[in-house]
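# Geometric and topological summary
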Amino acid sequence: MSDYLTHLDDHGNARMVDISEKPATRREATAQAVVRMRPETRALIERNALAKGDALAIARIAGILAAKRVDNLIPLCHTLPLATVQVDFQFEEQGLIVRAVAATTAQTGVEMEALTAVTIAALTVYDMAKAVDKAMVIDDVRLLKKTGGKSGDFEAPTGQQAS
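Owing to the predicted nature of the structure, the values given are computational and were not obtained by experimental measurement.

Rules and cut-offs
- Residues numbered from 1 in each chain as written.
- Predicted model: local features only at pLDDT ≥ 70, side-chain atom pairs only at ≥ 80, totals over all residues.
- Heavy atoms only, no water.
- Core = buried A, V, L, I, M, F, W, Y, C linked by side-chain atoms within 4.5 Å.
- Buried < 20%, exposed > 50% of the residue type's maximum accessible area, 1.4 Å probe, protein only.
- Helix = DSSP H or I, 4+ residues; strand = E, 2+ residues; numbered from the N terminus.
- Contact = heavy atoms within 4.5 Å.
- Pairing = 2+ DSSP bridges.
- Axes fitted to C-alpha atoms, helices over the stretch in contact; angles between N-to-C directions.
- Salt bridge = Lys/Arg side-chain N within 4 Å of Asp/Glu carboxyl O.
- Left-handed = near helix turned anticlockwise from the far one by under 90°.

## Quick look at the nonpolar core
If you look at the biggest cluster of nonpolar residues, it comprises 32 residues, and the most contacted ones within it are Val35, Ile45, Val87, Phe89, Leu96, Val98 and Val125. Counting only elements with at least two residues in this core, the list comes to β1 (25-36), α2 (55-67), β2 (82-92), β3 (95-106) and α4 (111-129). It is α4 that contributes the most residues to this core, nine residues altogether. In this structure, Val125 is in contact with Val35, Met37, Ile45, Leu56, Ala59, Phe89, Leu96 and Met136, ignoring residues within four places of it in sequence.

Listed below in structure tokens is the structure:
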């Protein structure tokens, strides 16, 4: 069982993967989340006109901080020395795309850091705008791309990436 599911030992017990024999290499991951909202809500965020303040600035900082704390949030994740975390936003007709890029030179990848960054950034946008739009929906949280590491590179199929 441990050959297939790396976070389980030979008896089916949860374990942290031993990465001590893996070489430290450059690894990068890009993830996204989509926050769907009413056009009026999107316009308020675009104009920085929410009562709570600049939703995107606060969400960017929240995403970066979350990526730095993944090892405290997800039980079997390793502590990583992040080289960079970038959180960016793109408005679309139905709302907002949140993208994050995380990078490190380490013995394991940064997919969870990028995914956590976009999730927490999206939740922060929701929190900042919930007074005007409680019906917002956060969806399409996924890994778009990763490079480096033993498992090689990954890129989500083109048809699955949001614009």
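## Here we look at the sheet that holds β3
Taken in spatial order, the five strands line up as β2-β3-β1-β4-β5 in an open sheet, and their pairing is antiparallel. Where the open sheet ends on each side, the last strands, each with one partner, are β2 and β5 (154-155). Here β2 pairs with β3 via 10 bridges, running antiparallel. The residue bridging Phe89 from the neighbouring strand is Val98, located in β3. Packing against the sheet, α2 makes contact with β2 and β3, and its axis sits at approximately 145° to β2.

## Side note on the pattern of salt bridges
Tallied over the entire structure, the rule returns nine salt bridges. Across the salt bridge formed by Asp127 and Lys52, the nearest N and O atoms sit 3.3 Å from each other. Of this pair, Asp127 sits in helix α4 while Lys52 sits in the loop between α1 (39-46) and α2, and the two are 75 residues apart along the sequence. Classification of Asp127 by relative accessible area gives partly exposed; the value is 31%.

## Focus: the pairing of β1
Examined bridge by bridge, β1 and β3 share 12 bridges and lie antiparallel to one another. Bridged to Val34 within β3 is Ile97. In terms of strand pairing, β1 meets strand β4 (residues 137-147) through eight bridges, oriented antiparallel. Residue pairing across strands places Ala29 opposite Lys146, the latter belonging to β4.

## Remarks on the packing of α2 against α4
With their axes 7 Å apart at the nearest point, α2 and α4 run at an angle of 145° to one another. Remark: the crossing between α2 and α4 carries right-handed chirality. In this structure, α2 contributes Ala55, Leu56, Ile58, Ala59, Ala62, Gly63, Ala66 and Ala67 to the contact, and α4 contributes Glu113, Thr116, Ala117, Ile120, Ala121, Thr124, Val125 and Met128.

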